[in-house]
Amino acid sequence: MVNQYGWSTVYEANGHVGLVTLEMIIVFAVLAVLNVALIKWWRKTDKTLRTVLAIVVILIDFANIGLVEDTVQLHSQDFYTRYLNGECLVTEGYITEYEAPNDGRPDSFCLNNIEFVVRDRPLNAYGYNIRQENGGVLKNGEYVRIHYFEYQGYHVMMKLELRTSESP
């Protein structure tokens, strides 16, 4: 959508985070069931295999703890409400140092000495996540305006706009 001032909105966060939360709950449930199954199987195995199973169970438990922690943090930092209230940071300028590796690593770029990362899946429910190799429009020299939050050492893009013409 291009507005009267020559900006095109490429991405804007919305309030629908239910799917991400549902995904987290499903993964949590699957890991919990796997954990119980491994514990039951553990009782029927020899000593060497028990050690391996114990390590797997511990890793699953840590994964579940991390998942719960991420879910709690997602809900405790209501990004969307804060975004609607205008509490996010805004920067605009020309993209520099855009890197788009083809080896699965996320794309990255700088804007006014702020590093942004473009992942296939965002760190939380929000964030522009279309890498160049998947049709993303960001590139070196592109003039953009980004509304963002700092989150876990990264910058989560809540709104991304491209300048389509000189603003009046």
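For the structure itself, look to the data block above.
As a starting point, this report considers the structure included with it.

Rules used in this analysis
- Residues numbered from 1 in each chain as written.
- Predicted model: local features only at pLDDT ≥ 70, side-chain atom pairs only at ≥ 80, totals over all residues.
- Heavy atoms only, no water.
- Pairing = 2+ DSSP bridges.
- Helix = DSSP H or I, 4+ residues; strand = E, 2+ residues; numbered from the N terminus.
- Axes fitted to C-alpha atoms, helices over the stretch in contact; angles between N-to-C directions.
- Phe/Tyr/Trp six-rings, centres within 6.5 Å; stacked < 30°, edge-to-face > 60°.
- Buried < 20%, exposed > 50% of the residue type's maximum accessible area, 1.4 Å probe, protein only.
- Lys NZ or Arg CZ within 6 Å of the ring centre and 35° of its normal.
- Salt bridge = Lys/Arg side-chain N within 4 Å of Asp/Glu carboxyl O.
- Core = buried A, V, L, I, M, F, W, Y, C linked by side-chain atoms within 4.5 Å.
- Contact = heavy atoms within 4.5 Å.

Quick word on the sheet that holds strand β2 (residues 89-94)
Within the open sheet, the four strands sit side by side as β1-β7-β6-β2. Their pairing is antiparallel. Both outer strands of the open sheet, β1 (7-12) and β2, are each paired with one neighbouring strand and no more. Across this sheet, the average inter-strand angle for adjacent strands is 30°, counted without regard to direction. As judged from the five bridges shared by β1 and strand β7 (residues 154-163), these two strands associate in the antiparallel manner. Bridge pairing in β7 places W7 opposite R163.

A closer look at the packing of aromatic side chains
What the rule picks out here adds up to seven aromatic pairs. Relative to Y143, the ring of W7 lies with its centre 5.9 Å away and its plane at 40°, an arrangement referred to as tilted. With W7 in strand β1 and Y143 in strand β6 (residues 143-151), this pair connects stretches of sequence that are 136 residues apart. For the pair W7 and Y143, one class covers both residues: buried. Ring centres 4.7 Å apart and planes at 75° place the aromatic pair Y94 and Y143 in the edge-to-face group. Taken together, the residues Y94 in strand β2 and Y143 in strand β6 connect sequence positions 49 residues apart. Accessibility expressed as a relative area gives 15% for Y143, which makes it buried. Taken together through their ring pairs, the aromatic side chains of Y98, F109, F116 and Y148 make up a single cluster. Of note, R119 hangs over the ring of Y154, and the distance from its end group to the ring centre comes to 4.6 Å.

Brief notes about the pattern of salt bridges
Per the counting criterion, the structure on display carries eight salt bridges. The shortest N-O distance in the salt bridge between E92 and R145 comes to 3.7 Å. Pair noted here: E92 is in strand β2 and R145 is in strand β6, with a separation of 53 residues, a long-range link. Given the relative accessible area of 19%, R145 is considered buried. Three or more residues joined by partner-sharing salt bridges are found here, namely E92, R145, K159 and E161.

Observations concerning the nonpolar core
Among the nonpolar cores identified, the biggest contains 24 residues, and F109, F116, L138, V144 and I146 are the most heavily contacted of them. Elements that contribute at least two residues to this core include exactly α3 (79-84), β4 (107-111), β5 (114-118), β6 and β7. Discounting chain neighbours no more than four positions away, the residues touching L138 are I95, Y98, F109, V118, Y128, Q132, V144, L160 and L162.

Remarks on the side chain of S108
Structurally, the position occupied by S108 is in strand β4. Owing to a relative accessible area of 14%, S108 belongs among the buried residues under this scheme. Not counting residues up to four positions away in its chain, the partners in contact with S108 are E97, Y98, E99, E115, F116 and V117.

Some words on unusual backbone geometry
Residue N112 is not a glycine yet carries a positive backbone phi of 55°. Note on N112: relative accessible area 44%, which makes it partly exposed. A positive phi angle is found at N113, which is not glycine, with a value near 65°. Looking at the secondary structure, you find N113 in the loop between β4 and β5. Owing to a relative accessible area of 81%, N113 belongs among the exposed residues under this scheme.

The values reported here are purely geometric and, on their own, carry no functional implication.
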